[in-house]
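Residues per chain, in single letters:
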Amino acid sequence: MDRLVIRGGKPLVGSVKVSGAKNAALPAMAAVLLTSEELTLENVPSLQDVATIERLLGFMGVESRVAAPGTIGLTSRAVRRFEVPYDLVRTMRASVLVLGPLLARFGKARVSLPGGCAIGPRPINLHLVGLQAMGAEIDLVEGYVVAKASRLSGTRLLFDTITVTGTENLMMAATLAKGTTVLENAACEPEVEDLARLLQKMGARIEGAGTSTITIEGVEDLTGAPHRIIPDRIEAGTFAVAAAITQGDVLIQGCVPQHFDAVMTKLRDAGAGVAEEAGGVRVRMAARPRPVDIATEPFPGFATDMQAQIMVLMAIAEGKSVITETVFENRFMHIPELLRMGADIAVTGRSALVRGVPFLRGAPVMATDLRASASLVLAGLQARGETVVHRIYHLDRGYETLEAKLRSLGGDIYRVEG
Ligand code: EPZ
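Everything quoted here is computed from the prediction, not taken from an experiment. (Residues numbered from 1 in each chain as written. Predicted model: local features only at pLDDT ≥ 70, side-chain atom pairs only at ≥ 80, totals over all residues. Heavy atoms only, no water.)

**A few points about the site of the ligand**
Around the ligand, the surrounding shell holds 22 residues, and the nearest of these are Arg93, Thr163, Thr165, Asp305 and Val327. Interatomic distance of 2.5 Å between a side-chain N/O atom of Asp305 and an oxygen atom of the ligand. Isolated, the ligand exposes 830 Å² of accessible area, and the fraction of that covered by the protein chains is 90%. Within the residue set of the shell around the ligand, elements represented by two or more residues are helix H1 (22-30), helix H5 (125-133), helix H6 (164-175) and helix H12 (370-382). The element that contributes the greatest number of residues to the shell around the ligand is H5, accounting for three residues. Its residues placed into classes, the shell around the ligand shows nine nonpolar, seven polar and six charged. (Near = heavy atom within 4 Å. Polar contact = N/O pair within 3.5 Å; in protein donor to acceptor, adjacent residues only side chain to side chain. Areas by Shrake-Rupley, 256 points an atom, 1.4 Å probe, with all protein chains shown as cover. Helix = DSSP H or I, 4+ residues; strand = E, 2+ residues; numbered from the N terminus. Nonpolar A, V, L, I, M, F, W, Y, C, P; charged D, E, K, R; others polar.)

Put into structure tokens, the structure is as follows:
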């Protein structure tokens, strides 16, 4: 398995371009199942998770072609399988995003239950309850969701927990349902809004995406469309923390500042200079950060996908901070590894008390999940000495050539293969 070797202490300086958003690309690719015409998606990041969903769609019969670097054409004219096997779903729970489109267009689906992952059990009950309310028959057979529906019917659905892919799955299902669907307490993430924009280009009638109430009026069919995936706000936030933690000066190009406002606000509170500039955001820091308390929330709150990264910054802050993870049950897997690098963090329930230390110390550490691995890279960039991050296949799921981008900013980081 590959690993990353990092020698810390060098300020990151320069400019870096953000890739397309993983969490926008995945639902956009699943949307190809809603039409027999080609979807042409631009700015698709080259990531493990994107390759996984492409393989999954191919297994069902979706044809894909590389139209240009970062641009793929997908066509589901010849779909002949309506199922997603366990060995694909277990590597990426976002595979569940094909459920709504398969039911809406083909009236049947057999998708493995995703099972839990490192950050929590991550059930899909809200996806299934919503589809049932729209008229689908859902059975659980040998670890698979077996679903069928002659034609889904529009209805009013109230999510009792805000779910991003739950909102996306049901929004896609509703585009071809009979009648109107209203999603209440829907997720407001930019990726949900981006998916709605794609679906509207395909002919879907959607109002309110990006707010907590989304109304979808079903249509008979959808056409193909060209679409450019939005930039990755979590990658942008990760580079913002990298600039702050190394006391550097980095221009993060091609990002949408409004997509990570909460992160920028916390970085300013910690003493970083954060300014919108030259089509991106410039982050500078010249001293140790001030301690800042943070609680993760659904968008527009502080993103749970940025919790591990901001914790590393607080680990070297001048004082104590409390970081609370309100979205997932077990998203503190990075803490034991940070403790091995000299951090001082104590967990009580869903909160971590972080006592800042002047610097971290390099050590061999192990990645456990996607964003935890990003936080270990950030820790290595700040630490004195050498850090080796093992199991970086987690990182490759969600960051496109991270070490090359960091090296271009002056980071001393390289990959050891095998
Ligand atoms: C999406 O996951 C993202 N993944 C996650 O990013 C992100 O952390 C998460 O949203 C929260 O922002 C993609 O978009 C592909 P949820 P998702 O459904 O949709 C509970 C990354 O790092 N819940 O919003 O799976 C769930 O257990 C990944 O890129 C139910 O109880 O998350 C969690 O506690 C990690 N029942 C909470 O809701 C359900 O049916 C939020 O989960 C669905 C969710």
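**Structural notes on the packing of helix H4 (residues 99-106) against H6**
In contact at an axis separation of 7 Å, H4 and H6 are set at 10° when each is read in the N-to-C sense. Between H4 and H6, the angle falls in the class roughly parallel. For the pair H4 and H6, the contacting residues are Leu99, Gly100, Pro101 and Ala104 in the first and Asn169, Met172 and Ala173 in the second. (Axes fitted to C-alpha atoms, helices over the stretch in contact; angles between N-to-C directions. Parallel < 35°, antiparallel > 145°, perpendicular 65-115°, else oblique. Contact = heavy atoms within 4.5 Å.)

**Notes on the nonpolar core**
In terms of nonpolar packing, the biggest core is built from 78 residues, with Leu57, Val98, Met171 and Leu199 touching the most fellow members. Here this core gets six residues from one element, more than from any other, and that element is H1. Once residues within four sequence positions are removed from consideration, Val98 is found in contact with Ala30, Leu33, Leu56, Leu57, Met60, Val84 and Val111. One finds Phe302, Met306, Met341 and Tyr399 within the second-largest nonpolar core, a separate group that totals 70 residues. (Core = buried A, V, L, I, M, F, W, Y, C linked by side-chain atoms within 4.5 Å. Buried < 20%, exposed > 50% of the residue type's maximum accessible area, 1.4 Å probe, protein only.)

**So, the sheet that holds strand S8 (residues 137-141)**
Strand pairing in a sheet relies on backbone hydrogen bonds. The paired strands run either parallel or antiparallel. Strand order in this open sheet of four strands is S6-S7-S9-S8, and the pairing throughout is mixed. Of all the strands in the sheet, the pair left with one neighbour each is strand S6 (83-84) and S8. With two bridges connecting them, S6 and strand S7 (residues 108-112) associate as parallel partners. Note on S7: the bridge partner recorded for Val84 is Val111. (Pairing = 2+ DSSP bridges.)

**Examining helix H9 (residues 261-269)**
Buried residues of H9: Val263, Met264 and Leu267, and no others. The buried residues of H9 occupy an angular sector of 100° when projected down its axis, which confines them to one face. Its buried side turned inward, H9 meets helix H8 (233-245), strand S16 (273-277), strand S17 (280-284) and helix H10 (307-315). Looking one or two residues beyond H9, the residue adopting positive phi is Gly271, at roughly 105°. (Arc of directions from axis to C-beta.)

**Observations concerning helix H7 (residues 190-201)**
Because each turn of an α-helix spans 3.6 residues, side chains separated by three or four positions end up pointing in the same direction. With 12 residues, H7 should reach 16 Å at 1.5 Å per residue; the first-to-last C-alpha distance of 17 Å fits that figure. Residues of H7 that are buried: Pro190, Glu191, Val192, Asp194, Leu195, Ala196, Leu198 and Leu199. Remark: Gly203 follows H7 within two positions and exhibits a positive phi of approximately 110°. (Expected span 1.5 Å × (residues − 1).)

**A few points about the environment of Glu325**
By secondary structure assignment, the location of Glu325 is in the loop between strand S19 (320-324) and helix H11 (335-340). Looking at Glu325, the relative accessible area reads 1%, which means it is buried. Along the backbone, Glu325 and Ser351 are 26 residues apart, and their C-alpha atoms lie at a distance of 6.4 Å. Here Glu325 is in contact with Thr296, Thr304, Gln307, Arg331, Phe332 and Arg350, once residues within four sequence places are set aside. A polar atom in the side chain of Glu325 sits 2.9 Å from the side chain of Thr304.

**A few points about the pairing of strand S20 (residues 344-348)**
Both S20 and strand S21 (residues 351-355) contribute to a ladder of five bridges, which runs antiparallel. The residue of S21 that forms the bridge with Thr348 is Ser351. With antiparallel pairing between neighbouring strands as the criterion, S20 and S21 make up a hairpin whose turn holds two residues, including Gly349 at a positive phi of roughly 65°.

**Side note on the pairing of S17**
Direction of pairing for strand S15 (residues 249-253) relative to S17: antiparallel, over a ladder of five bridges. In the sheet register, Gln253 faces S17, and the bridge partner there is Gly280. Taken together, the five bridges between S16 and S17 define a ladder with antiparallel strand orientation. Residue pairing in the sheet places Gly273 in a bridge with Arg284 of S17.

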